[in-house]
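Structural overview
In case you want the letters, here they are:
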Amino acid sequence: MPLPFFYNENINVETKEVDLNEETSRHIAQVLRMKTGDAINLTNGKGYLFSTEILSSNKKKVSVKINDKKYIDPPAKKISIAISLLKNNTRFEWFLEKATEIGIVNVIPLLCSRTERSNFREERMKNILVSAMLQSQQSWLPGLSDPQKFEKFISTEYSGKKFIAHCSNGTKSSLFSFQEVNSLILIGPEGDFTDEEITTALNHNYVEISLGNTRLRTETAALVAVTLLVLS
């Protein structure tokens, strides 16, 4: 059975011992009922997996000793997604969870012309990423940017292939036909990108792509795109 897997962003290759935060400590001591001498895994979300042994265990503070460390190579595919925030936060959070499990590298929340502004709770969003990373036994935490306005983000330099998915007419290629190592895809809000936004993206060398013959919700389209790009 896999060892319990936890996150500590402050741990590094020089760390010998570390005190875990109260939330993690409570889970280890009260929920899992782990004791001194038991083993757990830690990751810093930056590629390192640490094998540790519990030195002391109580619900306020669990202290562990690092016995071994291993560097995990980053994902082979560097896939980033710029996706409009959604009026329904639950749907956006669902996407973050599933995309992390699949292996997304970076998420940029977008504010488009038709975005229905919602509360962006950064700490909660990051906690969802951490939870999904641990659930899927990964050691790389996806990046999460602050929300950015479409018109500002679209001119950002990017070295990989750039795609935009939309529902308007256009000369579109199937995303199935691309096998890019580094790529960025734009996914619009409910109501889609405006014609002006699509034109702006094309003028910045984004490629129009199709995600199939059905009209998809924003979060569904985003997850389909991430799956195709990561697993192709």
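Quick note: structure is the one above.
The paragraphs below set out a description of the structure included in this document. (Residues numbered from 1 in each chain as written. Predicted model: local features only at pLDDT ≥ 70, side-chain atom pairs only at ≥ 80, totals over all residues. Heavy atoms only, no water.)

Topic: the sheet that holds strand S4 (residues 48–57)
An order of S1-S3-S4-S5-S2 is seen for the 5 strands of this open sheet, with the pairing classed as mixed. Each edge of the open sheet carries a strand with a single partner, namely strand S1 (5–7) and strand S2 (17–19). Going from strand to strand, the sheet's axes swing by 40 degrees on average, the running direction of each strand aside. One ladder, built from 5 bridges, connects strand S3 (residues 39–43) with S4; its direction is antiparallel. When the sheet's bridge partners are listed, Asn41 is paired in S4 with Ser51. Across the sheet, helix H1 (residues 22–31) lies against S1, S3, S4 and strand S5 (62–71), angled at about 160 degrees from S1, the strand it touches most. In this fold helix H3 (residues 122–135) packs onto S1 and S3, with an angle of close to 150 degrees to the strand it touches most, S1. (Pairing = 2+ DSSP bridges. Helix = DSSP H or I, 4+ residues; strand = E, 2+ residues; numbered from the N terminus. Axes fitted to C-alpha atoms, helices over the stretch in contact; angles between N-to-C directions. Contact = heavy atoms within 4.5 Å.)

Points about the pairing of S3
Summarising burial for S3: 4 of the 5 residues are buried, a large majority. Bridge count for S1 against S3 is 3 bridges, and the pairing is parallel. By the bridge assignment for S3, Tyr7 is matched with Thr43. Adjacent in sequence and paired antiparallel, S3 and S4 are bridged by 4 residues, among which Gly45 carries a positive phi angle near 75 degrees. (Buried < 20%, exposed > 50% of the residue type's maximum accessible area, 1.4 Å probe, protein only.)

Regarding the packing of aromatic side chains
In this structure the tally under the stated criterion is 5 aromatic pairs. Here the aromatic rings of Phe163 and Phe178 are separated by 4.8 Å at their centres, their planes lie at 65 degrees, and the arrangement is edge-to-face. With Phe163 in strand S10 (residues 161–165) and Phe178 in the loop between strand S11 (173–174) and strand S12 (182–187), the pair connects residues that are 15 residues apart, well separated along the chain. Judged by its relative accessible area of 0%, Phe163 is buried. Aromatic ring contacts, followed pair by pair, group Tyr48, Phe50, Tyr71 and Trp140 into a single cluster. (Phe/Tyr/Trp six-rings, centres within 6.5 Å; stacked < 30°, edge-to-face > 60°.)

With respect to unusual backbone geometry
Even without being glycine, Arg33 reaches a positive phi, approximately 55 degrees. Structurally, Arg33 is set in the loop between H1 and S3. One non-glycine residue, Asp192, lies in the positive phi region at around 75 degrees. Checked against the element boundaries, Asp192 lands in the loop between S12 and helix H5 (195–203).

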